[in-house]
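One-letter residues, chain by chain:
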Amino acid sequence: MKVCIDGFYKKFIDEEKEMHAIAFTQNVLSGRWKYFILWYLKDTTRRYSDIKHFLEGISQGSLTNQLRELEQDGVIKRKVYPTVPPKVEYSLTEKGLKLLPVLEMMKAFGKEYIEETEVAEFQK
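Definitions and cut-offs
Residues numbered from 1 in each chain as written. Predicted model: local features only at pLDDT ≥ 70, side-chain atom pairs only at ≥ 80, totals over all residues. Heavy atoms only, no water. Buried < 20%, exposed > 50% of the residue type's maximum accessible area, 1.4 Å probe, protein only. Helix = DSSP H or I, 4+ residues; strand = E, 2+ residues; numbered from the N terminus. Arc of directions from axis to C-beta. Core = buried A, V, L, I, M, F, W, Y, C linked by side-chain atoms within 4.5 Å. Contact = heavy atoms within 4.5 Å. Pairing = 2+ DSSP bridges. Expected span 1.5 Å × (residues − 1).

Student: Can you tell me about helix H3 (residues 34–41), naming the residues and giving the values?
Tutor: Inspection of H3 places Lys 34, Ile 37, Leu 38, Tyr 40 and Leu 41 among the buried residues, and these make up the whole buried set. Around the axis of H3, the buried residues are gathered within 165 degrees of arc, so they sit on the same side.

Okay, here's the thing in structure tokens:
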């Protein structure tokens, strides 16, 4: 698979539609914190400071970049209130809500894999 600076080469998109769909989804979710941000927003709108507190080890710059990328991909929306200091809230869009089953499947796989690994470690 070849990826160009602006995304995927047209030949790849045309010839490998299924792989392109997987790679496209992976690109939307790529980033150390994006999964956690989406999971944290799944039930309610959150303020920037709440997200930063939840992701204890994240720098302000990293959080801002991850949120911007998710917003650019149309997965979250950002609402700024004209107050002093500014109040900024984030929530999932319809597209973001459609990603939740993917995260649920990842969670289920992870739980099963962890249990299998723990059983295997116990049996050693």
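Student: Talk me through the nonpolar core; I want residue IDs and the actual numbers.
Tutor: Counting 22 residues, the largest nonpolar core has Ile 37, Leu 38, Ile 51, Leu 63, Leu 67, Ile 76 and Tyr 90 as its most contacted members. Mapped by element, the contributors of at least two residues to this core are helix H2 (17–29), H3, helix H4 (48–54), helix H5 (60–72), strand E5 (87–92) and helix H6 (94–123). With four residues, H3 is the single largest residue contributor to this core. Not counting residues up to four positions away in its chain, the partners in contact with Ile 37 are Ile 51, Leu 55, Leu 63, Gln 66, Leu 67 and Leu 70.

Student: Explain the pairing of strand E4 (residues 76–81) to me, using residue names and the numbers behind them.
Tutor: Relative to E5, E4 is paired through six bridges, and the arrangement is antiparallel. By the bridge assignment for E5, Ile 76 is matched with Leu 92. Counted between consecutive antiparallel strands, the loop separating E4 from E5 contains five residues.

Student: Tell me about H5, residues and numbers included.
Tutor: When the terminal C-alpha atoms of H5 are compared, their 18 Å separation across 13 residues agrees well with the 18 Å that a helix rising 1.5 Å per residue should span. Those residues of H5 that are buried are in contact with H2, H3, H4, E4 and E5. After H5 finishes, the residue Gly 74 shows a positive phi value of roughly 80 degrees.

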